[in-house]
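For reference, the chains in residue letters:
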Amino acid sequence: MIPYTVNIKLAARTLTGTLNLQNKTAVDWGWQGLIAQGCHSSILIIDPKTSQTIQVLERHKANVVKVKWSRENYYHNMSSPYCLRLASGDASGKIIVWDVVSGTAHCEIQEHSKPIQDLEWLWNQDASRDLLLAIHPPNYIVLWNGDTGTKLWKKSYAENILSFSFDPFDPSNMALLTSEGIVFITDFTHSKPPGSAGKKVYIASPHASPAHTKPAPAAAPAPTGAKKALNKVKVLITNEKPTAEAVTLNDCLQLSYLPSKRNHMLLLYPREILILDLELSQTVGVVAIERSGVPFIQVIPCAQRDALYCLHENGCITLRVCRSTITSEEASDPEQSVHELVYDLRSQCDAIRVTKTVRPYRMVICPVNENNAALMVSDGRAMLWELKAHTGRAAANPSSGLSPLYSPVSFCGAPLGPNQKRIQDLSLNSMIGQTLIAGEAPPPSSNQQEVQLKFLLTGLLSGLPLPPFAIRMCPPLTTKNINHYQPLLAVGTSNGSVLVYNLTSGLLHKELSVHSCEVRGIEWVSLTSFLSFATSAPNNMGLVRNELQHVDLPTGRCFAFRGERGNDEPPIEMIKVSHLKQYLVVVFRDKPLELWDIRTGTLLREMAKNFPTVTALEWSPSHNLKSLKKKQMAAREAMARQTVSDAEQSSVESSVISLLQDAESKSETSQAISAREHFVFTDTDGQVYHITVEGNTVKDGARIPPDGSMGSIACIAWKGDTLVLGDVDGNLNFWDLKARLSRGIPTHRGWVKKIRFAPGKGNQKLLVMYTDGAEVWDTKEVQMVSSMRIGRNVNYRILDIDWCTSDKVVLASDDGCVRVLEMAMKSASYRMDEQDLTDPVWCPYLLLPRAALTLKSFLLLQPWSGTFTMDITQVDMKSVLQDPELSLLQRCLLVSRLFGDESDLYFWTVASHYLQSFAQARQLSVSTAEGQPQSEGTQPPPQNHLDICNDVLCESSYFQKFQLDRVHLQEVKRSSYEHTKKCADQLLLLGQTDRAVQLLLETSADNPSYYCDSLKACLVTTITSSGPSQSTIKLVATNMIANGKLAEGVQLLCLIDKAADACRYLQTYGEWNRAAWLAKVRLSPAESSDVLKRWAEHLCSPQVNHKSKAILVLLSLGCFYKVGEMLHSMRHFDRAALFIEACLKYGVMERSQETAKKCITAAFLDYARLLRTLGLREGAALWASRAGSAGEQLMEELFQGEGGMPEVILGKEEVELGQESTE
């Protein structure tokens, strides 16, 4: 048994249940590593690693329809710490931005009163992290400041907007999915609303509608379903509005840009996914489902690999990975080499059982590692699936024709050391290698392993079933049961099962299937057992089957308490257990009550037919327990004497104590000694009866005539000397039994459904439930303490109530939730740090800002001790982080993954790749310069290149191959003159002149540009490098550019190999991305580096302010000094120092040069100061000592107080003051 401490103070919390249909889209998995999910009007925060709910946010009045975590792509320090920030939008148009840890709202935003369609935090500039873009139906886009709640701008469009998607590679591009088509916006900025109305495109299918070739015949037969699907596969994007019978975009479920490669977009239909190349506006790939397959609901494209996670209507998640386009094997079979993007099914998880009420809603993918998926089901379940890679070949199945998947043998971006520990399946890109493209040699098998992918269910969270509920809290905590008390809440459900929750942790303790019909009520008979009753639907005589079950929790044993009774009788109205848990009263609708002895399970008395009809009943809390104890002692002694005389013959050794214990059990069962208890009840006239029970004798006591001011009594509560009656008209009558006073108070709230006193000695608070809400009363003062009413402060109906501690109430409501609230009954989120979690949660975002940064520095570097120690226990990564083989770069990458720090992860991915490749190139040049043959230690330049999702940051050679591959694909797919022209233009820019001439000569004679294209073809073939023709062409090109024909001028310049000039012109005219693209595909490294450096300068300029991107560009050029300086000037001290350290390790930076020396010492010194403010003194000392003479002063300060108080214990403020004085 696990020892647990009793937490007497329960946290306020919400146990949630099934989802509302409007919650379908309200789920998001953030970089912070947590999942947010809307459930009715609350938001759950789920930790997917331990699958527990760690927070429930309550403030919305309407159903939550969208949630979005803020992005983490900024540098974290004390002023911009790791914090959990979430935006949520509801069906009434309100947006709330939350501080999740404290459960409070930063700000609330309201524009219109219709449901929010889409939300997104802007991530594309370094200036502000607070910008939130929202779609307010029907057709407004509004940009908000999510910190202050001010509106920055608002723009309306012609059609209803359904959703939007940002281009991950170029933040000024976004696409809106509208009810009629797609709107492309190319001038999105945060400073002002988009100027134009955007480019509107419609999706038409060329076969279904001959609209753009000839007018449609009047009676064209409507295509059948199968034909329609076939038509859609050959989709064309048109700018004209299609005719009615064309396939419009209405059945398009989703549109998203692919984050794995630039200018690609996917459109999701129920039976297929289309991949579009936006340069051509043409389909280049289709994932279709065969006829018997299960339709799609949703698809999430990955960034790390060209792969798609698809969710199907049966709850099955499939992973499809893009097939390599290497054409060597396929050339033998010409049918096979039909060129298009093919996504092969590589893995799928089990489906769920779909019923009317249970269907999959949404899935979300972990954005950091992209190898975990969570599926949200409408019944409130969250299923957490993890993708695992198993090494080993697949069973030979030649028919599938799938090429094997390989996994790279590297860890965190560097080749794996011989004895190095690694974390299996850290992220998607460490599980499967890159998709190979045409013209690329597959990497040597030495650093690859063949793998199979599988989904594994690693967590499951289930919610409450559908309401209605009956709830009952177990008996209260007392001084006697404090050592083994568990705060258990029993919840009876409509399907007959009883769920028992432990309210300390909020987790399900047991689920027991007790009844076959809806549970009507539960009463506890001890801390670990309860009675529950259920009634079936009435037959035509109005009779039902009653089930009354006794359940023992530890064993789960469950038996019918009333034995064979229960068939065809009037329904049970209520059951009441006496205070000493001795007797049970069962009240029926049209039948006299029964009195049972709980301890023996026997029926003591079934009342006579003429017994009055009971409307309300309550046991008295007063009883003669003292006299009972005397009786029991006397009986035990008598029994013990008798037992001793019996046992004299055998042996008198047995101790008196055990005898007394024996005697106790015997005497109580044989003589059935029991205390006297009383109960009161009222009849239909409001007369109060008083009945005494002792053993099996039942005596009728005094009767009190009805109070004229009260209607029919509906419920009674009794505690101490106070008795309270509630009636069907909403009157409460308080009786003071000692002073013999009664006082009636009309509440004007209608029928009093239930009243209950709070537990605890002398606690006279009373909880009252009405049809439209609840109130807490203080019966000493006879006044109301708090009240809640549907429509006024909550939007749910209350189904059942109880006290769970002396100051907290628990309410079951019709939105499927059970809430534990303070006595004030204000539904509120709780603070996460007050939580009692069963499993420890790894989430640095929950720590105080300073603690999170200290933890990060602690994990990153501990060179002050030489060995790496870990005092943090919960990290599974412990052994890996302690591994001496883990290099600095690998450590930085791993920690940025652990922290879900987006900007760190991108920076270290690019930095580690280029540091390694430049270091290797340098080794090669050194070894060849010295004329020695290559030793075995130096490898050739690395086989792996940066993933294509880094776009312009990739190596030029790889980038070039990728672009050629893409144009080849576009060429196969083109279907109109427009497409052919675009392909020819691209080929000319890429320098593929022969192919371009072929395309130009395809132009048909009746095309207006026939003459122009023919001449262009002649020009391309006859260009020679003679001086005069070159100068003429150059002159023509510059004139063209000056007169606004930029693209044509650039093409001419590329023809005469003046691509460098072309890039300069493009940059002058603000086409920075196009210039970078051209430099990558056409220029020599030196020229291309000039172009990219100019781009980096442009990115650093104050009007663009995208320094983080500029740093990545400089890294790809190997300008490491510049990067170090920039990081330091941006005050990214830890990143700067660690980066310079890595550069020195890899030998791509020299300490000896004067310029470098200054930068290095400054960076090290500032990092030392940073560590000092975080309280890591040894770390600070190490870096200060490495900063040379400049660090000596800091060293002195660090160790000046050796005799006195160590510096580390200083408060944060003092340290900061100290730091300012040194500066």
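Please read these numbers as outputs of a predicted model, since none were measured by experiment. (Residues numbered from 1 in each chain as written. Predicted model: local features only at pLDDT ≥ 70, side-chain atom pairs only at ≥ 80, totals over all residues. Heavy atoms only, no water.)

Things to note about the overall build of the protein
Link 1 in the chain: A tally of regular secondary structure across the protein gives 24 helices and 60 strands.
Link 2 in the chain: Across the protein, contacts joining residues at least 24 apart in sequence account for 55% of those joining residues at least 6 apart.
Link 3 in the chain: Approximately 53700 Å² of the protein is accessible, and the part contributed by carbon and sulfur atoms is 53%. (Helix = DSSP H or I, 4+ residues; strand = E, 2+ residues; numbered from the N terminus. Contact = heavy atoms within 4.5 Å. Areas by Shrake-Rupley, 256 points an atom, 1.4 Å probe, with all protein chains shown as cover.)

Focus on the sheet that holds strand β1 (residues 13-15)
Link 1 in the chain: Pairing within the open sheet is antiparallel, and its four strands lie in the order β1-β60-β59-β58. Looking along the sheet, the strands with just one partner apiece sit at the ends: β1 and β58 (798-805). The mean angle between the axes of side-by-side strands here comes to 20°, regardless of whether they run parallel or antiparallel.
Link 2 in the chain: The sheet contact formed by strand β59 (residues 808-813) and strand β60 (residues 818-822) spans five bridges and is antiparallel. What sits directly across from Val-809, in β60, is Leu-821. (Pairing = 2+ DSSP bridges. Axes fitted to C-alpha atoms, helices over the stretch in contact; angles between N-to-C directions.)

Details of helix α14 (residues 1046-1055)
Link 1 in the chain: Counted residue by residue, α14 has eight buried out of ten residues, so it is predominantly covered.
Link 2 in the chain: Turning to α14, its buried residues are Leu-1046, Gly-1049, Val-1050, Gln-1051, Leu-1052, Leu-1053, Cys-1054 and Leu-1055.
Link 3 in the chain: At its buried positions, α14 is contacted by α10 (977-990), α11 (993-1000), α12 (1010-1022), α13 (1027-1042), α15 (1059-1068) and α16 (1072-1082).
Link 4 in the chain: Where α14 ends, the next residue or the one after it, Asp-1057, has phi of about 55°, a positive value. (Buried < 20%, exposed > 50% of the residue type's maximum accessible area, 1.4 Å probe, protein only.)

Side note on the packing of α10 against α11
Link 1 in the chain: At a minimum axis separation of 8 Å, α10 and α11 run at an interaxial angle of 160°. Our classification of the angle between α10 and α11 gives roughly antiparallel. As for how α10 packs across α11, the hand of that crossing is left-handed. Contacts from Thr-980, Cys-983, Ala-984, Leu-987 and Leu-988 in α10 reach Thr-993, Arg-995, Ala-996, Leu-999 and Leu-1000 in α11.
Link 2 in the chain: Across the contact of α10 with α11, the residue classes tally to seven nonpolar, two polar and one charged. (Parallel < 35°, antiparallel > 145°, perpendicular 65-115°, else oblique. Left-handed = near helix turned anticlockwise from the far one by under 90°. Nonpolar A, V, L, I, M, F, W, Y, C, P; charged D, E, K, R; others polar.)

What about the pairing of strand β50 (residues 713-719)?
Link 1 in the chain: Most of β50 is tucked away, with seven of its seven residues classed as buried.
Link 2 in the chain: Direction of pairing for β50 relative to strand β51 (residues 722-727): antiparallel, over a ladder of six bridges. Its bridge partner lying in β51, Trp-718 is registered against Leu-723.

So, the pairing of strand β13 (residues 151-156)
Link 1 in the chain: Judged from the five bridges that link them, strand β12 (residues 140-145) and β13 form a sheet pairing that is antiparallel. Following the sheet pairing, Val-142 is matched in β13 by Lys-154.
Link 2 in the chain: Between β12 and β13, which follow one another and run antiparallel, lie five residues, and Gly-149 among them has a positive phi close to 80°.

A few points about the sheet that holds strand β53 (residues 741-746)
Link 1 in the chain: The four strands are arranged β50-β51-β52-β53 in an open sheet whose pairing can be described as antiparallel. Either end of the sheet is taken by a strand with one partner, and the two such strands are β50 and β53. Ignoring strand direction, the axes of neighbouring strands in this sheet form an average angle of 15°.
Link 2 in the chain: The sheet contact formed by strand β52 (residues 731-736) and β53 spans six bridges and is antiparallel. Paired with Asp-736 across the two strands is Leu-741, which belongs to β53.

Points about unusual backbone geometry
Negative phi values dominate among residues other than glycine, just as trans dominates among peptide bonds.
Link 1 in the chain: Here the residue pair Pro-137 and Pro-138 is connected by a cis peptide bond, since its omega of 0° sits within 30 degrees of zero.
Link 2 in the chain: Tracing the backbone through its elements, the reader meets Pro-138 in the loop between β11 (131-136) and β12.
Link 3 in the chain: Along the chain, Pro-467 connects to Pro-468 via a cis peptide bond; the corresponding omega equals 5°.
Link 4 in the chain: Here Pro-468 lies in the loop between β33 (448-461) and β34 (470-473).
Link 5 in the chain: Backbone geometry places Ser-51, a non-glycine residue, at a positive phi of 40°.
Link 6 in the chain: With respect to the helices, strands and loops of the structure, Ser-51 is situated in the loop between β4 (42-47) and β5 (52-58).
Link 7 in the chain: One non-glycine residue, Asn-263, lies in positive phi territory at about 60°.
Link 8 in the chain: Positionally, Asn-263 belongs in the loop between β19 (254-257) and β20 (264-268).
Link 9 in the chain: On the basis of relative accessibility, which here comes to 18%, the residue Asn-263 falls in the buried class.

Quick word on the pattern of salt bridges
Link 1 in the chain: Within the structure shown, the criterion is met by 50 salt bridges.
Link 2 in the chain: Asp-721 serves as the salt-bridge partner of Lys-738, at 3.8 Å between the closest nitrogen and oxygen. With a gap of 17 residues between them, Lys-738 in the loop between β52 and β53 and Asp-721 in the loop between β50 and β51 connect regions that are remote in the sequence.
Link 3 in the chain: Its relative accessible area of 36% is what places Asp-721 among the partly exposed residues.
Link 4 in the chain: What you see here is one network of salt bridges that share partners, running through Arg-562, Arg-565, Glu-569, Lys-591, Glu-594 and Glu-606. (Salt bridge = Lys/Arg side-chain N within 4 Å of Asp/Glu carboxyl O.)

Points about the side chain of Ser-163
Link 1 in the chain: Summarising the element assignment, Ser-163 is placed in strand β14 (residues 161-166).
Link 2 in the chain: Among residues more than four places away in sequence, those in contact with Ser-163 are Asp-118, Ile-135, Ala-175, Leu-176 and Leu-177.

Structural notes on the confidence of the model for the protein
Link 1 in the chain: For the protein, per-residue confidence averages 80 on the pLDDT scale, and residues scoring 70 or more make up 82% of the total.
Link 2 in the chain: Ignoring residues within four places in sequence, the model shows residues 327-337, a span with pLDDT below 50, making three contacts including any to other chains.
Link 3 in the chain: Low pLDDT, under 50, characterises residues 663-670; the stretch is placed with 14 contacts to residues that sit more than four places away or in other chains. (pLDDT = per-residue confidence, 0-100.)

With respect to the environment of Ile-203
Link 1 in the chain: Relative to the helices and strands, Ile-203 resides in strand β17 (residues 199-204).
Link 2 in the chain: Residues Ile-203 and Ile-182, 21 residues apart in the sequence, show an inter-C-alpha distance of 8.2 Å.

Re helix α9 (residues 956-973)
Link 1 in the chain: For α9, built from 18 residues, the straight-helix expectation of 26 Å at 1.5 Å per residue is met to within 8% by its first-to-last C-alpha distance of 26 Å.
Link 2 in the chain: Buried residues of α9: Tyr-958, Phe-959, Phe-962, Gln-963, Asp-965, Arg-966, Val-967, Leu-969, Gln-970, Glu-971 and Lys-973, and no others.
Link 3 in the chain: Buried residues belonging to α9 abut β20, β21 (272-277), β22 (282-288), α10, α11 and α16. (Expected span 1.5 Å × (residues − 1).)

Regarding the side chain of Asp-802
Link 1 in the chain: Assignment of secondary structure puts Asp-802 in strand β58.
Link 2 in the chain: A polar atom in the side chain of Asp-802 sits 3.0 Å from the side chain of Arg-472.
Link 3 in the chain: When residues no more than four places from it in sequence are discounted, the contact partners of Asp-802 are Ile-471, Arg-472, Met-473, Arg-756, Leu-767, Val-809 and Val-810. (Polar contact = N/O pair within 3.5 Å; in protein donor to acceptor, adjacent residues only side chain to side chain.)

Some words on the packing of aromatic side chains
Link 1 in the chain: Taken as a whole and judged by the stated rule, the model has 22 aromatic pairs.
Link 2 in the chain: Here the aromatic rings of Trp-153 and Phe-188 are separated by 5.7 Å at their centres, their planes lie at 65°, and the arrangement is edge-to-face. On the criterion of sequence distance, the pair formed by Trp-153 in strand β13 and Phe-188 in the loop between β16 (182-185) and β17 is long-range, its members being 35 residues apart. With respect to burial, Trp-153 and Phe-188 carry one shared label: buried.
Link 3 in the chain: For the ring pair Tyr-583 and Trp-619, a centre distance of 6.0 Å and an interplane angle of 20° mean the geometry is stacked. Residue Tyr-583 is found in strand β43 (residues 583-588), and its partner Trp-619 is found in strand β46 (residues 616-619); the two are separated by 36 residues along the sequence. Each member of the pair, Tyr-583 as well as Trp-619, carries the same accessibility label: buried. (Phe/Tyr/Trp six-rings, centres within 6.5 Å; stacked < 30°, edge-to-face > 60°.)

What about the nonpolar core?
Link 1 in the chain: Counting residues in each nonpolar core, the largest one holds 152 residues, and the members touching the most others are Ile-45, Leu-86, Leu-1078, Leu-1115 and Phe-1139.
Link 2 in the chain: Discounting residues that sit within four places of it in the chain, Leu-1078 has contacts with Leu-989, Val-1050, Cys-1054, Ala-1059, Ala-1062, Cys-1063, Leu-1066 and Leu-1083.
Link 3 in the chain: Grouped together as the second largest cluster of nonpolar side chains are 31 residues, Met-473, Leu-489, Leu-527 and Ala-812 included. (Core = buried A, V, L, I, M, F, W, Y, C linked by side-chain atoms within 4.5 Å.)

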